[in-house]
Structure formats: C-alpha cells, structure tokens
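Survey of secondary and tertiary structure
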Amino acid sequence: MNPSDPRNFGPQAPHAPPQPYPPQYPNYPPMGYPMAQSPMAQRSDNEATTIFVLGLLGLVACQLLAPFAWVKGNSYRATCRAMEVEPNSLATVGWILGIIGTVVMGLSLVVFVLAFALTSVR
C-alpha cells in the first residue's frame, strides 16, 4: 500500500497535519455515522408517501386499500432493515393504518356475514 495514496486513511505521521475525512469527498458523513440522519439522506421518499396514502384511504374511505398498505409497508420495512437505515416515520404510520384498516375490514366482514346469516334464518 502506497502511503501517498489518498485512499490510505491509516495513522498519520506525527509531523503531518491531520487530513479531513475523506479528503476527496468532504460532504460525506464520517464512517459510523448513520446515513438516515445525515443531511444527504434527507430527501423525499415517494414510497413512504404512497404507503401513508394507502393506509389512510384504507382506514377512512375504501377498506380494500388497507391490506395493500400493510403489504407494501412490510416490504418497505424489510428493505430498510436490509439497508440498515431507519424507516421513514410516514411509512410506519401508513403501515400501522394499513394493519388497523385490515382488522376493521375483517371485523366488518364477520359482522356482515353474521347479520346476513341471522336474517336468513328467520
């Protein structure tokens, strides 16, 4: 390994001034700094917005959209775990709304089937 190579970030000689990390890319966060909290990672997340809208509409307007928010939220969270970043809070809220909307849809379906069965018995 060549000591004058700019990719060599090993210990500096005691007489040399410390170099910024890394010298060729000063805008990158330092090693070990989570990318989710870095200024570069703060961007719009269209998938998180989609999950939130599906979850909200699935809870409020059309319960058939709630399972899609739940499944899409699971996929998004798995991708975040694989990338080792925190999921967007908007996506997490949409995922939770999708779960709640799916449970409400299932309970509504059970009540509807029971009501139909009880009225047809008479």
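Look up a bit, the structure's there.
1. Quick word on the overall build of the protein
From N to C terminus, the protein includes 3 helices and 0 strands. In the protein, the order of α-helices and β-strands from amino to carboxyl end is α-α-α. In the protein, buried positions account for 18% of the 122 residues. Contacts spanning at least 24 positions in sequence make up 51% of the contacts within the protein whose residues lie at least 6 apart. Accessible area for the protein stands at about 9,200 Å²; split by element, carbon and sulfur atoms hold 67% of it.

2. Side note on the packing of aromatic side chains
In total, this model carries 0 aromatic pairs according to the counting rule given. The side chain of Arg77 reaches across the aromatic face of Trp95, ending 4.2 Å from its centre.

The rules we used
- Residues numbered from 1 in each chain as written.
- Predicted model: local features only at pLDDT ≥ 70, side-chain atom pairs only at ≥ 80, totals over all residues.
- Heavy atoms only, no water.
- Helix = DSSP H or I, 4+ residues; strand = E, 2+ residues; numbered from the N terminus.
- Buried < 20%, exposed > 50% of the residue type's maximum accessible area, 1.4 Å probe, protein only.
- Contact = heavy atoms within 4.5 Å.
- Areas by Shrake-Rupley, 256 points an atom, 1.4 Å probe, with all protein chains shown as cover.
- Phe/Tyr/Trp six-rings, centres within 6.5 Å; stacked < 30°, edge-to-face > 60°.
- Lys NZ or Arg CZ within 6 Å of the ring centre and 35° of its normal.

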